[in-house]
Amino acid sequence: MFDERKSAQASAYLLTKAGGSMYHIKLIKLLYLADRLSFELYNYPITGDDYYSMKYGPVLSHIYDNINNYACCSSVWAEYISDKENHRVSLINPKNNSIEDLDELSESDIEVLDLIYRQFGTWDRWELVDYCHKPEYIPEWKNLDTGSEKIELLLLLSHLGKNRETIEAIINENEYQLKFLQTLRKG
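Residues numbered from 1 in each chain as written. Predicted model: local features only at pLDDT ≥ 70, side-chain atom pairs only at ≥ 80, totals over all residues. Heavy atoms only, no water.

*Asks:* Which residues make up the packing of helix H2 (residues 24–42) against helix H3 (residues 61–68), and what values do they have?
*Replies:* The geometry of H2 relative to H3 is characterised by a closest axis approach of 11 Å and an angle of 165 degrees between their N-to-C directions. Here H3 runs roughly antiparallel to H2, going by the angle between their axes. The handedness of the crossing between H2 and H3 comes out as right-handed. Facing His 24, Leu 27, Ile 28 and Leu 31 of H2, the residues of H3 in contact are Ile 63, Tyr 64, Ile 67 and Asn 68. A per-class count over the contact of H2 with H3 returns six nonpolar, two polar and no charged. (Axes fitted to C-alpha atoms, helices over the stretch in contact; angles between N-to-C directions. Helix = DSSP H or I, 4+ residues; strand = E, 2+ residues; numbered from the N terminus. Parallel < 35°, antiparallel > 145°, perpendicular 65-115°, else oblique. Left-handed = near helix turned anticlockwise from the far one by under 90°. Contact = heavy atoms within 4.5 Å. Nonpolar A, V, L, I, M, F, W, Y, C, P; charged D, E, K, R; others polar.)

*Asks:* Which residues make up the pairing of strand E3 (residues 57–60), and what values do they have?
*Replies:* Note: strand E2 (residues 51–54) against E3, four bridges, orientation antiparallel. Residue pairing in the sheet places Tyr 51 in a bridge with Leu 60 of E3. Here E2 hands over to E3 after two residues, the two strands then running antiparallel side by side. (Pairing = 2+ DSSP bridges.)

*Asks:* So what's going on with the packing of helix H1 (residues 4–17) against H2? Which residues, and what values?
*Replies:* Packed helices, taken two at a time, are described by the angle between their axes plus the distance between the axes. One can describe the packing of H1 onto H2 by two numbers: an axis separation of 11 Å at closest approach and a directional angle of 115 degrees. Note on packing geometry: the crossing formed by H1 with H2 is right-handed. Across from Ala 10, Ser 11 and Leu 14 in H1, the residues of H2 making contact are Leu 27, Leu 30 and Leu 31. Its residues placed into classes, the contact of H1 with H2 shows five nonpolar, one polar and no charged.

Below you can see the structure in the form of structure tokens.
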């Protein structure tokens, strides 16, 4: 289930490591790879976003929308991340991104983000796009010339080698959280 504050803080953490700014497509790929690794290591994602196959690889739906429709994005996202300019996003306030300020991120989230940044942080955006297009690395992504297609969580978890019981537990937890949130919103 999408956690906007945590997603914005994860983005801010990666942007801080990159000196405060990066191409938005690189940020989206790094976050996708971080969610994927978090599922692999801990059976839960960092962002909780929905994943889609698009022309330039997998994307995180809500984060993609916040970046590309900044005027409509929530104030939570805008607390941390600037509007896209020349295909880049930046930190709103570079001084407010210490670990203490990013209080939604757990130690395991930081560990995963650090692992991903160490492996891919120096890559340029097109190297990351190419990497995410390779089925030996991201087999759940579907090659599309136009439009988008949802990457089902079941498919992603299967490609990560999760067994049936683990997949069912992860999917049930996601469904439970969604129902709980819907109940809170009604009440």
